Amino acid sequence: MLSRAIEDLKDFASRESLYEKKILLMFSGGKDSSLALYLLKKAGLDVSAITFIHRWSWREPLPRMLKFTSSLEVEHYLVDITESLLRNSLGKKGPICIHCKKVMLKNTYWFARINGFDIIAKGDNANDKIKGALLDQWDGDHRLSTIPRIGIPILRPLINYIAEEVEALAKEANIKVFRMYEYGRRRQWREGCPLQYIDKEQIIKEEYFDLAYEANYEISKIAREHKVRMSVIVPSFMVMCHGCNEKVLKEAEAALENIKRRFANASSGKN
């Protein structure tokens, strides 16, 4: 299946003259973007990776991400978007991911333009929302389109593969990603960053960024120890868990107690 996927991408790249282009892949280090990078590199395309980090990003996955891109001999850029994220999200209604995605795409566009890249690549698969209503506006092959219309073509090498096929391809390619054992907030289990666990109905404040990071970091340590998937919504402190028993939940509540107390004191103006 993997060799067939690589050959299919080679054929597509030849038809679309992609071997004459410089490609910049938005690389999160997750399964989808890792597989997309792997396929593009194995197909012989000129691809580099860009990863966005901010003050609240998980630190743990980064060494594995850097090792992976190094093993593929892919140039890998790290860009800090902390200030842009704050500037474009504070005072607005959540979810934070909507604002963050806009910041990342805008930064990718300008990075590509300034550094001579011709195409932006993403790890979207057939289960993502882009497939369907949005890409149905595109008459050509969904793998290469100008949607969204940002002024540079977007390549999606996985867009015709459903999540289960992506899983199988990643396994065959021996792609292993670092797991924080988050619960995830989508139908398909996806890890990301702790800021996705700020309640989507909240007006975004910087204090919620700090709270989401601290609370979910403590929860992730318990989740990793017990091999369950667990996260906590803030500022409500609602714990979400898949595979937890009563003992694990009590451990999680105990870990959050001091954080909840400090947050309540700070909110009420106490020292």
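Scroll up a little and you will see the structure.
My aim in this report is to walk through the structure given alongside it, one point at a time. Everything quoted here is computed from the prediction, not taken from an experiment.

### Considerations on the overall build of the protein chain
When helices and strands are counted, the protein chain shows 9 helices and 8 strands. For 271 residues, the compact-globule formula gives about 18 Å, and the C-alpha radius of gyration of the protein chain, at 20 Å, lands near that figure. On the principal axes, the C-alpha backbone points of the protein chain span a range of 65 × 35 × 35 Å. When each of the 271 residues of the protein chain is scored for burial, the buried share is 46%. Taking the intrachain contacts of the protein chain between residues at least 6 apart in sequence as the baseline, contacts between residues at least 24 apart amount to 68%. Carbon and sulfur atoms provide 49% of the accessible area of the protein chain, an area that totals close to 14000 Å². Separation between the mean location of the 44 positive side-chain charges and that of the 36 negative ones in the protein chain comes to 2 Å.

### Quick word on empty space enclosed by the protein
Under the defined criterion, the tally for this structure stands at 1 cavity of 30 Å³ or more. Here the largest cavity is characterised by a volume of approximately 30 Å³. Considering the residues around the largest cavity, the lining is formed by Trp-58, Met-180, Glu-182, Tyr-197, Asn-216, Ile-219, Ser-220, Met-230 and Ser-231. Elements that contribute at least two residues to the lining of the largest cavity include exactly helix H8 (206-226) and strand E7 (229-233). Here the lining of the largest cavity takes 3 residues from H8, the largest share from any one element. Here the lining of the largest cavity is built from residues that sort into 5 nonpolar, 3 polar and 1 charged.

### Observations concerning the layout of surface pockets
In this structure, the second largest pocket encloses a volume near 230 Å³. Forming the boundary of the second largest pocket are Phe-27, Gly-29, Ser-34, Arg-64, Met-65, Lys-67, Phe-68, Ser-71, Asn-174, Ile-175, Lys-176 and Val-177. If one sorts the elements of the lining of the second largest pocket by residue count, helix H3 (residues 62-71) sits on top with 5 residues. The class makeup of the residues in the lining of the second largest pocket is 5 nonpolar, 4 polar and 3 charged.

### Concerning the packing of aromatic side chains
Centre distance and the angle of the planes are the two values used to describe a pair of aromatic rings. Applying the stated criterion to the full structure yields 11 aromatic pairs. Taking the centre distance of 4.8 Å and the plane angle of 85° together, the rings of Trp-56 and Phe-209 count as edge-to-face. Separated by 153 residues along the polypeptide, Trp-56 in the loop between strand E2 (46-53) and H3 and Phe-209 in helix H8 bring together distant segments of the chain. The two residues Trp-56 and Phe-209 agree in class, both being buried. Ring pairing ties together the aromatic residues Trp-58, Tyr-213 and Tyr-217, which thus form one cluster. If you follow Lys-22 out to its NZ or CZ, it ends over the ring of Phe-117, 4.5 Å from the centre.

### Topic: the sheet that holds strand E3 (residues 76-80)
With respect to topology, 6 strands assemble into an open sheet ordered E3-E2-E1-E4-E6-E5, the strand pairing being mixed. Looking at which strands have only one partner, the edges of the open sheet turn out to be E3 and strand E5 (144-145). Here strand E4 (residues 119-121) pairs with strand E6 (residues 154-155) via 2 bridges, running parallel. Bridging across to E6, Ile-120 finds its partner in Ile-154. Of the strands in this sheet, strand E1 (22-26), E2, E4 and E6 touch helix H2 (residues 31-42), which is tilted by about 165° from E1.

### Focus: the pattern of salt bridges
All chains considered together, the criterion is met by 12 salt bridges. A salt bridge links Arg-156 to Asp-124; the shortest N-O distance between them is 2.8 Å. Highlighted residues: Arg-156 in the loop between E6 and helix H7 (163-172) and Asp-124 in the loop between E4 and helix H6 (130-134), separated in sequence by 32 residues. Summarising the burial analysis for this pair, Arg-156 and Asp-124 share the class buried. Connected through shared salt-bridge partners, Asp-8, Asp-141 and Arg-143 make up one network.

### Digging into the side chain of Thr-82
Here Thr-82 shows up in helix H4 (residues 82-89). We classify Thr-82 as buried; its relative accessible area is 6%. A polar side-chain atom of Thr-82 sits 2.9 Å from the main-chain amide nitrogen of Arg-55. Here Asp-80 takes part through its side chain, which lies 2.7 Å from a polar atom of the side chain of Thr-82. In this structure, Thr-82 is in contact with Ile-53, His-54, Arg-55 and Trp-56, ignoring residues within four places of it in sequence.

Rules of the game
Residues numbered from 1 in each chain as written. Predicted model: local features only at pLDDT ≥ 70, side-chain atom pairs only at ≥ 80, totals over all residues. Heavy atoms only, no water. Helix = DSSP H or I, 4+ residues; strand = E, 2+ residues; numbered from the N terminus. Rg over C-alpha atoms; globule rule 2.2 N^0.38 Å. Buried < 20%, exposed > 50% of the residue type's maximum accessible area, 1.4 Å probe, protein only. Contact = heavy atoms within 4.5 Å. Areas by Shrake-Rupley, 256 points an atom, 1.4 Å probe, with all protein chains shown as cover. Lys, Arg positive; Asp, Glu negative; His and termini not counted. Charge placed at Lys NZ, Arg CZ, Asp CG, Glu CD. 1 Å grid on protein atoms, 1.4 Å probe; cavity = no way out; pocket = protein on both sides within 12 Å on 5 of 7 lines; lining within 4 Å. Points joined across faces, edges and corners; volume = space filled by probe spheres on them. Nonpolar A, V, L, I, M, F, W, Y, C, P; charged D, E, K, R; others polar. Phe/Tyr/Trp six-rings, centres within 6.5 Å; stacked < 30°, edge-to-face > 60°. Lys NZ or Arg CZ within 6 Å of the ring centre and 35° of its normal. Pairing = 2+ DSSP bridges. Axes fitted to C-alpha atoms, helices over the stretch in contact; angles between N-to-C directions. Salt bridge = Lys/Arg side-chain N within 4 Å of Asp/Glu carboxyl O. Polar contact = N/O pair within 3.5 Å; in protein donor to acceptor, adjacent residues only side chain to side chain.

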